[in-house]
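The residues making up each chain are set out below.
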Amino acid sequence: MSSIIYPTTNLNQIEQISICRGDGIYVYDEAGKRYLEGLSGLWCASLGYGNEELIDAITQQLKILPYSHLFGGRTHERAIELADELASMVPIEDARIFFANSGSEANDSHVKMLRYYFNVIGKPQKKKIIAFEKSYHGVTVASAALTGLPAMHAHFDLPTEALGILRAETPHYYHGQIDGESESEFVARLVKDVETLILREGQETIAAFIAEPVGGAAGVMVPPKGYFPALTKVLEKYDILFWADEVICGFGRTGNDFGCTTMEVKPDLMSLAKQLSSSYIPISASIIPGFMHDAMRDPSEQVGIFGHGYTYTGHPVACAAALKTLEIYKRDKLFENAAAVGGYMQERLREFSDHPLVGEVRGTGLIAAVELMQDKHTRTSFGDGRVGAIAKQFCQEQGLLIRAVAGNSLAFCPPLIISKEQVDEIITKFDAALELTLSYVTKEKLFTLR
Ligand SMILES: Cc1ncc(COP(=O)(O)O)c(C=O)c1O
């Protein structure tokens, strides 16, 4: 057994597949078997593998300046260029950008900057953060506390209470609707519940509401269209910032530049990572509005520094990778490709809606999930994630890599460069895997065909 501690893995069941190379939207294992990367690795390798232009930009930067930092009066061109480029792209006024290495760090940095800001403007009690009951925001101590998934909390003693994390119901209509309520009634009820929560806790104690515009690892959940506009109206009323975790949605995933554009909501703060550099080199960004930065400047002078930063904040090679990635997105119109080919993928996946195991097919752009249910007629879920895990395994045998998330939702999130023909390939492989799953669960008496 290797000495690696495997992340997000059953520690008794490890090293199932060893990937040794990639090309376009495909990866290969050591035996030479080819797999279609149906989840872009971990929702991130947007340009696929072997993009020579990106590799060249990274190699070039390695030769010029392989490392430098941004602490205490040092800077470099690549970081300045990237910050300017991002500031011009995001829907945040006078955007200020803090760089880190991962989505978790971006979210942790936001938690700290929110605390810093409200402390220095004389509102030290305004610290609580509302997050969805089912949500994924990372695994560092603070971001794991924001994450609403039991497996990411068990045995870790996270300081959820100390950090003032509050929960709001996840706006997933398929599971959350009660007594045949309409989608708009569902939205109105959930938003009212958020308002009740704010009034109970006191608006003066709540700093922000964090949400993914379209959920990813917590089950690929697309909120009803009106949810975010109604929610942010309430947040504005009570002076609470809306913080969009765009770590998966950002940069074309939902068929637009950002998930916020797709969901018609304007964020105050944004977290970006993954597709920012197509994941060839790790980099993330926490974006705050200019007014927060302005308020933090003088207090930092009194202390002597703004006491937050990483050795690899604004790493020049990561910045060069991100700049080239953004250039390719724009030049090759990859957000438009995500909208067009994504629309086709959504249509084709919906062909499985009538399958006896399929409860809901959901998604937008190039992110989707097919949720397997024990009884689709009564919307009854399987008791555990075994069926999703089996289906994922059958997909793998067919040469399709996807993930089962939040139990039995099979998630699709292929690279933005995918073509319609390659979507057809996903569908063919998934169709075969789903039939094998149906035979298996029927034989094992995990499922009864009605
Ligand atoms: C929405 C969201 N936020 C944050 C993270 C954490 O990012 P990282 O794994 O880079 O720390 C993820 C990772 O999947 C994510 O999906």
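Residues numbered from 1 in each chain as written. Predicted model: local features only at pLDDT ≥ 70, side-chain atom pairs only at ≥ 80, totals over all residues. Heavy atoms only, no water.

### Brief notes about the site of the ligand
Near the ligand, the surroundings consist of Ser102, Gly103, Ser104, Asn107, Tyr136, His137, Gly138, Glu212, Asp245, Val247, Ile248 and Lys274. Contact distances for the ligand include 2.8 Å between an oxygen atom and a backbone N or O atom of Gly103. The side chain of Ser104 places a nitrogen or oxygen atom 2.5 Å from an oxygen atom of the ligand. Protein coverage of the free-state accessible area of the ligand, which is 390 Å², stands at 84%. Per-element accounting of the shell around the ligand gives the leading share, three residues, to helix 4 (residues 103–120). Looking at the shell around the ligand residue by residue, the classes come out as three nonpolar, six polar and three charged. (Near = heavy atom within 4 Å. Polar contact = N/O pair within 3.5 Å; in protein donor to acceptor, adjacent residues only side chain to side chain. Areas by Shrake-Rupley, 256 points an atom, 1.4 Å probe, with all protein chains shown as cover. Helix = DSSP H or I, 4+ residues; strand = E, 2+ residues; numbered from the N terminus. Nonpolar A, V, L, I, M, F, W, Y, C, P; charged D, E, K, R; others polar.)

### Some points on the pattern of salt bridges
A side chain with one charge can pair with a side chain of the opposite charge if their charged atoms come near. Counted by the stated rule, this structure contains 20 salt bridges. Across the salt bridge formed by Glu81 and Arg78, the nearest N and O atoms sit 2.5 Å from each other. Note that Glu81 and Arg78 are positioned in helix 3 (residues 77–89) at a spacing of three residues, about one turn of the helix. Exposure remark for Glu81: the relative accessible area of 31% places this residue in the partly exposed category. One salt-bridge network, in which partners are shared between bridges, spans Arg34, Glu425 and Lys429. (Salt bridge = Lys/Arg side-chain N within 4 Å of Asp/Glu carboxyl O. Buried < 20%, exposed > 50% of the residue type's maximum accessible area, 1.4 Å probe, protein only.)

### A look at the domain arrangement of the chain
Looking at the assigned domains, one finds that the chain contains domain 1 (54–331) and domain 2 (333–443). Contact residues are listed per partner, giving 28 residues for domain 1 and 28 residues for domain 2. Contact between domain 1 and domain 2 buries roughly 2,100 Å² in total, counting both sides, with carbon and sulfur atoms accounting for 63%. On the domain 1 side of the contact with domain 2, Tyr174, Val220 and Arg253 bury the most area, a combined 36% of that side's loss. Between domain 1 and domain 2 we count zero salt bridges in total. At the boundary of domain 1 with domain 2, the tally comes to eleven residue pairs in polar contact (both at pLDDT 80 or more). In terms of residue count, helix 12 (residues 316–331) provides more of the side of domain 1 that touches domain 2 than any other element does, four residues in total. The class makeup of the residues in the side of domain 1 that touches domain 2 is twelve nonpolar, twelve polar and four charged. (Domains from an automatic or database assignment. Contact = heavy atoms within 4.5 Å. Buried area = accessible area lost by both parts, 1.4 Å probe.)

### Considering helix 15 (residues 420–443)
Every α-helical turn comprises 3.6 residues, leaving residues that sit three or four positions apart pointing alike. Over its 24 residues, helix 15 runs 35 Å from end to end, which matches the ideal 34 Å to within 8%, given 1.5 Å per residue. One or two positions beyond helix 15, positive phi appears at Lys445, with a value near 60°. (Expected span 1.5 Å × (residues − 1).)

### Topic: the environment of Gly385
Inspection of the secondary structure assignment puts Gly385 in the loop between strand 12 (367–372) and helix 14 (386–398). For the pair formed by Gly385 and Asn51, sequence separation is 334 residues and the distance between their alpha carbons is 35 Å. Here Gly385 is in contact with Gly407 and Asn408, once residues within four sequence places are set aside.

### Thoughts on the layout of surface pockets
Here the second largest pocket is characterised by a volume of approximately 920 Å³. Considering the residues around the second largest pocket, the lining is formed by 29 residues, among which Leu70, Ile97, Phe98, His293 and Phe306 are closest to the centre. Among the secondary structure elements, those contributing two or more residues to the lining of the second largest pocket are helix 3, strand 4 (96–100), strand 10 (284–288) and helix 11 (290–303). Looking at the lining of the second largest pocket element by element, the count peaks at five residues for helix 3. In terms of residue class, the lining of the second largest pocket is built from 15 nonpolar, ten polar and four charged. (1 Å grid on protein atoms, 1.4 Å probe; cavity = no way out; pocket = protein on both sides within 12 Å on 5 of 7 lines; lining within 4 Å. Points joined across faces, edges and corners; volume = space filled by probe spheres on them.)

### Structural notes on the packing of aromatic side chains
With the rule as written, the count across this model stands at 16 aromatic pairs. Taking 5.6 Å as the distance between ring centres and 75° as the angle between the ring planes, the aromatic pair formed by Phe132 and Phe209 counts as edge-to-face. Within this pair, whereas Phe132 is found in strand 5 (residues 128–132), its partner Phe209 is found in strand 7 (residues 206–211), the two being separated by 77 residues in sequence. In this pair, the class of Phe132 matches that of Phe209, namely buried. Ring geometry for Phe394 versus Tyr440: centroids 6.3 Å apart, planes at 70°, classification edge-to-face. On the criterion of sequence distance, the pair formed by Phe394 in helix 14 and Tyr440 in helix 15 is long-range, its members being 46 residues apart. Each residue in the set Phe132, Phe209, Tyr227, Phe228 and Phe242 is aromatic and connected to the rest through ring pairs, giving one cluster. For Arg21, the ring lying beneath its charged end belongs to Tyr28, and the centroid distance is 4.0 Å. Stacked on the ring of Tyr174, the Lys or Arg Arg379 has its end atom at 5.7 Å from the ring centre. (Phe/Tyr/Trp six-rings, centres within 6.5 Å; stacked < 30°, edge-to-face > 60°. Lys NZ or Arg CZ within 6 Å of the ring centre and 35° of its normal.)

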